[in-house]
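Chain by chain, the residues run as shown.
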Amino acid sequence: MSQEDEARATRRGAGDTESSRANRGWWDRNADEYQREHGGFLGDDRFVWGPEGLDEEQAGLLGPAEDLKGRGVLEIGAGAAQCSRWLAAQGARPVALDISHRQLQHARRIGDDVPLVQADAGALPFADGSFDLACSAYGALPFVADPVRVMREVRRVLRPGGRWVFSVTHPIRWAFPDEPGPEGLSVAASYFDRTPYVEQDESGRAVYVEHHRTVGDRVRDVVAAGFRLIDFVEPEWPDWNDQEWGGWSPLRGHLIPGTAIFVCVRD
């Protein structure tokens, strides 16, 4: 029986070290299944901000596509580096970083055209001012206990004027059950309960951790890290998208937001 079969869900505290260790192991063990299930939707070289299907080519949150040429871009929590591959096709110079070795093996399986780095987002292995832009599509931030630490690292490696754009689960979703059907439409928990969601084995060892921040928390985190917030995007569910992805679905997506995107600038 695997750790996932034995894991039990709970809400309890979980610090940086425990969260990092648990999530590195979880993504290494589950990368194959994740890419099998979602690889078709994500594509090999498409930049998708979330399950709604909003892509960077349409949204332009990093700036006009024609302005990406020659720009150094750091993708944090890159998975199989689909977003970085799209950036490279626009003429950018992306680097794809992820905590999971197995996720980066999938990136190498798809192609060897993007530099890959395995590292923790809270300790970026780059010199100050190494990049013009940084981005993260559901990468790292939902899984870390100290998001300000991560964003301060992002600010450090960005040049002045650089953008930092990241997407996370919309905080309101934490008040609802993680179900795509009607049972997921009734409030079941306090939006203000920041206690982490933890899956742990029989010995109490965490094997998966996800952290909740309210919208206000996220804004304060951005400011505390030294960024200026210039846009906050809540993608609406498009009519063409009929997929279910965990608790995301057309039913829920037409009623409540599922993704929050923060567009920030390093002044």
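Please refer to the structure higher up on the page.
Residues numbered from 1 in each chain as written. Predicted model: local features only at pLDDT ≥ 70, side-chain atom pairs only at ≥ 80, totals over all residues. Heavy atoms only, no water.

So, about the sheet that holds strand β8 (residues 206-210). Spatial strand order, β1-β7-β8: three strands in an open sheet with antiparallel pairing. This sheet does not close on itself; its edge strands, each paired only once, are β1 (8-11) and β8. If you compare each strand with its neighbour and ignore which way they point, the axes differ by 25 degrees on average. Relative to strand β7 (residues 197-200), β1 runs antiparallel, the two sharing four bridges. Looking at the pairing, alanine 9 lines up with glutamate 199 of β7. Against the sheet, helix α2 (residues 16-42) makes contact with β7 and β8, and its axis sits at roughly 105 degrees relative to β8, the strand it touches most. (Pairing = 2+ DSSP bridges. Helix = DSSP H or I, 4+ residues; strand = E, 2+ residues; numbered from the N terminus. Axes fitted to C-alpha atoms, helices over the stretch in contact; angles between N-to-C directions. Contact = heavy atoms within 4.5 Å.)

Judged by nonpolar contacts, the single largest core of 29 residues is most densely connected at Leu74, Ile76, Phe126, Val154, Trp164, Phe166 and Phe227. Contributing elements (two or more residues each) for this core: β2 (72-76), β3 (93-98), β5 (131-137), α6 (147-157), β6 (158-169) and β10 (259-265). Per element, the largest residue contribution to this core is five residues, and it comes from α6. Residues in contact with phenylalanine 166, not counting those within four places in the same chain, are Trp49, Ser136, Leu141, Met151, Val222, Ala260, Ile261, Phe262 and Cys264. Listed in part, the 18 residues of the second largest apolar core include Phe47, Ala92, Leu133 and Ala137. (Core = buried A, V, L, I, M, F, W, Y, C linked by side-chain atoms within 4.5 Å. Buried < 20%, exposed > 50% of the residue type's maximum accessible area, 1.4 Å probe, protein only.)

Attention now goes to the sheet that holds β6. Spatial strand order, β4-β3-β2-β5-β6-β10-β9: seven strands in an open sheet with mixed pairing. If you trace the sheet from one side to the other, it starts and ends with β4 (116-118) and β9 (228-233), each paired once. When the angles between neighbouring strand axes are averaged without regard to direction, this sheet yields 20 degrees. The pairing of β5 with β6 spans six bridges and is parallel. Considered in β6, the bridge of phenylalanine 131 is made with leucine 158.

This next bit is on the packing of α2 against helix α5 (residues 101-110). Contact geometry of α2 with α5 gives a least axis separation of 7 Å together with a crossing angle of 35 degrees. Of the residues in α5, those in contact with Trp27, Asp28, Ala31, Asp32, Tyr34 and Gln35 of α2 are His101, Arg102, Gln103, His106 and Arg109. By residue class, the composition of the contact of α2 with α5 is three nonpolar, four polar and four charged. (Nonpolar A, V, L, I, M, F, W, Y, C, P; charged D, E, K, R; others polar.)

Side-chain positions along a regular strand alternate between the two faces of the sheet. Judged from the four bridges that link them, β7 and β8 form a sheet pairing that is antiparallel. Within β8, the residue paired with tyrosine 197 across the bridge is glutamate 210. Where β7 folds back onto β8 in an antiparallel hairpin, the turn is made up of five residues, including glycine 204, whose phi is positive at roughly 85 degrees.

The next subject is the environment of glutamine 90. Examined against the element boundaries, glutamine 90 turns out to sit in the loop between α4 (82-89) and β3. Each C-alpha atom of the pair glutamine 90 and alanine 260 lies 25 Å from the other, and the pair is 170 residues apart in sequence. The contact partners of glutamine 90, leaving out residues within four places of it in the chain, are Ala65, Leu68 and Lys69.

Quick look at the pattern of salt bridges now. Within the structure shown, the criterion is met by 13 salt bridges. A salt bridge links arginine 159 to aspartate 132; its shortest N-O distance comes to 2.9 Å. Here arginine 159, found in strand β6, pairs with aspartate 132, found in strand β5; they are 27 residues apart in sequence, far enough to count as distant. By relative accessible area, arginine 159 is classed as partly exposed at 30%. Across the salt bridge formed by aspartate 267 and arginine 228, the nearest N and O atoms sit 2.8 Å from each other. Pair noted here: aspartate 267 is in the segment after β10 and arginine 228 is in strand β9, with a separation of 39 residues, a long-range link. Of the residues examined, aspartate 267 reaches a relative accessible area of 51% and is grouped as exposed. (Salt bridge = Lys/Arg side-chain N within 4 Å of Asp/Glu carboxyl O.)

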